[in-house]
Amino acid sequence: MRIGITCYPTYGGSGVVGTELGRELAACGHQVHFISYSLPIRLKMSDNIRFHEVEVLSYPLFEYPPYDLVLATKMAEVASRFELDILHVHYAIPHSISAFLAKRMAERPVPFVTTLHGTDITLVGNDRSYLPITRFGIDESDAVTAVSEYLRRRTIAEFSTRHPIEVIPNFVNCGVFGKSGDEGFRRRFAGPGEGLMIHISNFRPVKRTGDVIEVFAKVREKRPAKLLMVGDGPDRPRAQYLAETRGVVGDVHFVGKWTDMERLLSVSDLLVLPSELESFGLVALEAMASEVPVIATRVGGLDEVVREGKDGFLFDVGDTAAMAETALMLLDDRERRSTMGRQGRARAKEAFSHQRVVAQYLELYERTIAAAS
Ligand code: GMT
């Protein structure tokens, strides 16, 4: 198949999923064309992958350059030139609208699939100024998927969409993510006898990075440990300030944006993900694949990924005391940690393997192309 993929190229779950999906499809022999404003961060070029940059002209008249229109133009151009069979857009806004336009502009109408990831529905799409156009993008898509049952139900309830929405979960490549036992690398962050906790996000308010620091500070009162804060975003200065005021800044590594997340996870003991909301929580799945137990909140689709007591523990939002208590229990109990880690990896392999999920997308593409023609 010849497949066009559009996603945000930045540090965020939807971009990661779009990129990894494209890489897996290319590895299966499909021709994949990425269309975005810059090279997606996890994209490594290979034979079947091409990247088409969307260059937005800035003009004094434009206070807000119309990226969505330039994207639509590029999508239509690539669809016509490379005879794309299908376009797959990740994150509804504005990608589904650009794809809608591209479908009509292309020499031959190209069907498009929209994958809903989370904040495109729960935050941005829900804003009155975006809701009608998000609903339009969903209804006009040839196929729509959501990354969890939670997100599917919430989209139907809040958008009253007519379009059927299929759940295709996120996936992980367990050949890439796994425990490494690279003690030398681990020593760069934690000494002998110190626990190593990790948080990975885009530091948006929804991630509650302050709670991560609070949990860690409570753990640190009781035992030696270090914390890896991976990623960057608007709440990073606040998290750094909190680490200082709580007196733990010397034990927290703010490492910024990393591309090989698997390396950091492979040496970590626990993932802390105290989000206000997660439609899926891709990073929890990547931790599970790496045999790292998850401490997260009971929100959104997280309980479709993490099984309470088996792969991790789920808490009420903001209950940092309970999270810290469980973190301490796990850091002190290597046996329990490894059992949970192994269970998590087994679940990641069984329910969320890249082979299984990529096959689901391929089947959806085939059905959508057949229906459109
Ligand atoms: O979490 C973010 O802020 C980024 C956002 C995105 O779209 O890039 O993530 C959403 O999509 C991910 C991939 O499907 C999910 O794993 C995240 O749970 C979801 N984030 C939220 O729902 C807050």
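Here we summarise the structure given alongside this text.

Basis of the calculations
Residues numbered from 1 in each chain as written. Predicted model: local features only at pLDDT ≥ 70, side-chain atom pairs only at ≥ 80, totals over all residues. Heavy atoms only, no water. Helix = DSSP H or I, 4+ residues; strand = E, 2+ residues; numbered from the N terminus. 1 Å grid on protein atoms, 1.4 Å probe; cavity = no way out; pocket = protein on both sides within 12 Å on 5 of 7 lines; lining within 4 Å. Points joined across faces, edges and corners; volume = space filled by probe spheres on them. Nonpolar A, V, L, I, M, F, W, Y, C, P; charged D, E, K, R; others polar. Domains from an automatic or database assignment. Core = buried A, V, L, I, M, F, W, Y, C linked by side-chain atoms within 4.5 Å. Buried < 20%, exposed > 50% of the residue type's maximum accessible area, 1.4 Å probe, protein only. Near = heavy atom within 4 Å. Polar contact = N/O pair within 3.5 Å; in protein donor to acceptor, adjacent residues only side chain to side chain. Areas by Shrake-Rupley, 256 points an atom, 1.4 Å probe, with all protein chains shown as cover. Salt bridge = Lys/Arg side-chain N within 4 Å of Asp/Glu carboxyl O. Expected span 1.5 Å × (residues − 1). Contact = heavy atoms within 4.5 Å. Axes fitted to C-alpha atoms, helices over the stretch in contact; angles between N-to-C directions. Parallel < 35°, antiparallel > 145°, perpendicular 65-115°, else oblique.

### Concerning unusual backbone geometry
Okay, step 1: Residue Pro 94 is bonded to the preceding Ile 93 through a cis peptide linkage, with omega at -5°.
Okay, step 2: Considering the arrangement of structural elements, one finds Pro 94 in the loop between β4 (86-90) and α3 (95-105).
Okay, step 3: Positive phi, normally seen in glycine, also occurs at Glu 83, with a value near 50°.
Okay, step 4: Counting through the fold element by element, Glu 83 comes out in the loop between α2 (67-81) and β4.

### A look at the layout of surface pockets
Okay, step 1: In this structure, the largest pocket spans a volume of roughly 1,200 Å³.
Okay, step 2: For the lining of the largest pocket, the secondary structure elements donating two or more residues are α1 (13-27), α2, α4 (119-122) and α11 (282-289).
Okay, step 3: The dominant element in the lining of the largest pocket, judged by the number of residues it contributes, is α1, at 5 residues.
Okay, step 4: Here the lining of the largest pocket is composed, by residue class, of 23 nonpolar, 15 polar and 8 charged.
Okay, step 5: Taken domain by domain, the makeup of the lining of the largest pocket includes at least three residues from each of domain 1 (2-171 + 353-372) and domain 2 (183-351).
Okay, step 6: Quantified by volume, the second largest pocket comes out at close to 490 Å³.
Okay, step 7: Lining the second largest pocket are 25 residues; nearest its centre among them are Glu 183, Arg 186, Asp 269, Arg 334 and Arg 337.
Okay, step 8: Of all the secondary structure elements, the ones that give two or more residues to the lining of the second largest pocket are α7 (183-187) and α14 (334-351).
Okay, step 9: By residue number, the principal contributor to the lining of the second largest pocket is α14, which donates 4 residues.
Okay, step 10: Each residue belonging to the lining of the second largest pocket can be placed in one class, and the counts come to 5 nonpolar, 9 polar and 11 charged.

### Here's the deal with the nonpolar core
Okay, step 1: Leu 25, Val 230, Leu 271 and Tyr 365 are the most contacted members of the largest nonpolar core, which has 73 residues in total.
Okay, step 2: Broken down by element, the residue count for this core peaks at 7 residues, all from α11.
Okay, step 3: Residues from two domains meet in this core; each of domain 1 (2-171 + 353-372) and domain 2 (183-351) gives at least three.

### What to know about the site of the ligand
Okay, step 1: Surrounding the ligand, one finds 17 residues, the nearest of these being His 117, Asn 170, Lys 207, Glu 278 and Ser 279.
Okay, step 2: Separating an oxygen atom of the ligand from a side-chain N or O atom of His 117 is a distance of 2.6 Å.
Okay, step 3: One of the side-chain nitrogen or oxygen atoms of Asn 202 is found 2.9 Å away from an oxygen atom of the ligand.
Okay, step 4: Considering the ligand on its own, with 480 Å² of exposed area, one finds that the protein chains cover 94% of that surface.

### A short note on the pattern of salt bridges
Note that side chains of opposite charge can pair when their charged atoms are close.
Okay, step 1: A complete count under the given rule lists 31 salt bridges for this structure.
Okay, step 2: The shortest N-O distance in the salt bridge between Arg 246 and Glu 214 comes to 2.9 Å. Taken as a pair, Arg 246 in the loop between α9 (236-245) and β10 (252-256) and Glu 214 in helix α8 (residues 209-220) lie far apart in primary sequence, 32 residues in all.
Okay, step 3: Among the residues examined, Arg 246 registers a relative accessible area of 30% and is labelled partly exposed.
Okay, step 4: A single network of salt bridges, built from pairs that share partners, joins Glu 20, Arg 23, Arg 42 and Glu 286.

### Some points on α1
Okay, step 1: Taking 1.5 Å as the rise per residue, α1 with 15 residues should run 21 Å; its terminal C-alpha atoms sit 21 Å apart, in good agreement.
Okay, step 2: Of all the 15 residues making up α1, 12 are buried; the element is thus mostly covered by neighbouring parts of the structure.
Okay, step 3: Inspection of α1 places Ser 14, Gly 15, Val 16, Val 17, Gly 18, Thr 19, Glu 20, Leu 21, Gly 22, Glu 24, Leu 25 and Ala 26 among the buried residues, and these make up the whole buried set.
Okay, step 4: For α1, the secondary structure elements touched by its buried residues are β1 (2-6), β2 (31-36), β3 (49-53), β4, α11 and α15 (354-372).
Okay, step 5: Count one or two residues on from α1 and you reach Gly 29, which has phi positive near 105°.

### Things to note about the packing of helix α13 (residues 320-332) against α14
Okay, step 1: In contact at an axis separation of 5 Å, α13 and α14 are set at 100° when each is read in the N-to-C sense. Classified by the angle between their axes, α13 and α14 sit roughly perpendicular to one another. On the side of α13, the interface is formed by Met 329, Leu 330, Leu 331 and Asp 332, while α14 contributes Arg 334, Arg 336, Arg 337 and Met 340.

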